[in-house]
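Fold and geometry: a report
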Amino acid sequence: MAHKQEQQEEDKVRLDKWLWAARFYKTRALAKAAIESGKVHHRGERCKPGKEPRIGDEYEIRTGFDERTVQVLALSIVRRGAPEAQALYAETEASIAKRETAAAQRKAGALGVSTDGKPTKKQRRDLFKFHGSAHD
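Conventions and cut-offs
What you see as residue numbers is a count from 1 along each chain, following the sequence as written. In keeping with the predicted nature of the model, local features appear solely for residues at pLDDT of at least 70, side-chain atom pairs appear and are counted solely at 80 or more, and the whole-chain, interface and lining totals rest on all residues. Side-chain numbers come from the whole structure's heavy atoms, not from hydrogens or water. In summary, the pairing rule links any two rings of Phe, Tyr or Trp, Trp by its six-membered ring, whose centres are within 6.5 Å, and it sorts them by plane angle into stacked for under 30 degrees, edge-to-face for over 60 and tilted for everything else. Under the scheme applied here, a residue whose accessible area is under 20% of the maximum for its type counts as buried, over 50% as exposed, and between as partly exposed, the area being computed with a 1.4 Å probe on protein chains only. Strands here mean DSSP runs of E at least two residues long; helices mean DSSP runs of H or I at least four residues long; both are numbered from the N terminus. For two strands to count as paired, DSSP must find a minimum of two bridges between them. Contacts were defined at the residue level, with two residues in contact if any of their heavy atoms lie within 4.5 Å. A fitted line through C-alpha atoms serves as each axis, taken over the contacting stretch for helices, and the angle formed by two N-to-C directions is quoted from 0 to 180°. Here, a salt bridge means any side-chain nitrogen of Lys or Arg that lies within 4 Å of a carboxyl oxygen of Asp or Glu.

1. Regarding the packing of aromatic side chains
Applying the stated criterion to the full structure yields 2 aromatic pairs. When the centroid spacing of 6.2 Å and the interplanar angle of 40° are considered together, the rings of Trp18 and Phe24 count as tilted. In this pair, the class of Trp18 matches that of Phe24, namely buried. The interplanar angle of 40° and the centroid separation of 4.7 Å between the aromatic rings of Phe24 and Tyr89 together place this pair among those described as tilted. Taken together, the residues Phe24 in the loop between α2 (15-21) and α3 (28-36) and Tyr89 in strand β5 (residues 89-91) connect sequence positions 65 residues apart. Like Phe24, the residue Tyr89 is buried in the burial classification. Among the aromatic residues, those joined into a cluster by ring pairs are Trp18, Phe24 and Tyr89.

2. Focus on the pairing of strand β4 (residues 66-72)
On a regular strand, each side chain points to the face opposite its neighbour's, so the side chains alternate between the two faces of the sheet. Most of β4 is tucked away: 5 of the 7 residues are buried. Sheet topology places strand β3 (residues 58-63) next to β4; 6 bridges connect them, and they run antiparallel. When the sheet's bridge partners are listed, Arg62 is paired in β4 with Glu67. What sits between β3 and β4 in their antiparallel hairpin is a turn of 2 residues, with Gly64 showing a positive phi close to 65°. Two strands pair when backbone bridges link them, and β4 and β5 are joined in this way by 3 bridges, in the antiparallel orientation. Its bridge partner being in β5, Val72 is matched across the sheet by Tyr89.

3. Brief notes about the environment of Leu15
Note that Leu15 resides in helix α2. For Leu15, a relative accessible area of 0% corresponds to the buried category. With 60 residues separating them along the chain, Leu15 and Leu75 place their C-alpha atoms 9.8 Å apart. Those residues in contact with Leu15 that lie beyond four places of it in its chain are Ile35, Val40, Cys47, Lys48, Pro49, Lys51, Pro53 and Tyr59.

4. Focus: the sheet that holds strand β2 (residues 45-46)
Pairing in this open sheet of 5 strands is antiparallel, and the strands run β2-β1-β3-β4-β5 from one edge to the other. This sheet does not close on itself; its edge strands, each paired only once, are β2 and β5. Of the strands in this sheet, β4 and β5 are in contact with helix α5 (residues 93-108), which crosses β4 at around 165°.

5. A few points about the pattern of salt bridges
Enumeration according to the criterion identifies 8 salt bridges in this entry. When the shortest N-O distance is used, the salt bridge between Arg99 and Glu91 registers 2.9 Å. One salt-bridge network, in which partners are shared between bridges, spans Arg14, Asp16 and Arg28.

Here you go:
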């Protein structure tokens with residue numbers, strides 16, 4: 001009977017708890033904050049922390065620079081080791097390819113301007129001239 005009650009409890013899992021158990025976020029509070037700030041979407045819409053994920057649902061999850069699209073394979077409210085956590089979801093092939101491409105671009109320095117630090121006086125004058133600033 002206790003097993004049956006455990007099974008019913010695992011059927012009703014909060015999204016923030018599942019994201020924490022699947023090791024997308026280090027704490028449940030971080031998972032809740034990410035959901036509330038719009039970093040987790042289901043069917044193109046923002047989610048709430050109390051939403052109950054179901055097996056087969058797809059979520060778009062942003063963590064740092066990475067954006068993943070994952071499909072729920074199993075539900076859990078217990079945070080375990082990484083191999084067990086990875087069994088809770090499957091990342092889509094398109095998501096993996098997109099993430100690897102973005103990582104390669106970041107590594108190559110294609111996203112963003114790399115500088116050698118503070119601009120020199122001449123570079124600063126050129127910037128002001130370029131932006132049309134009144135600081136001549």
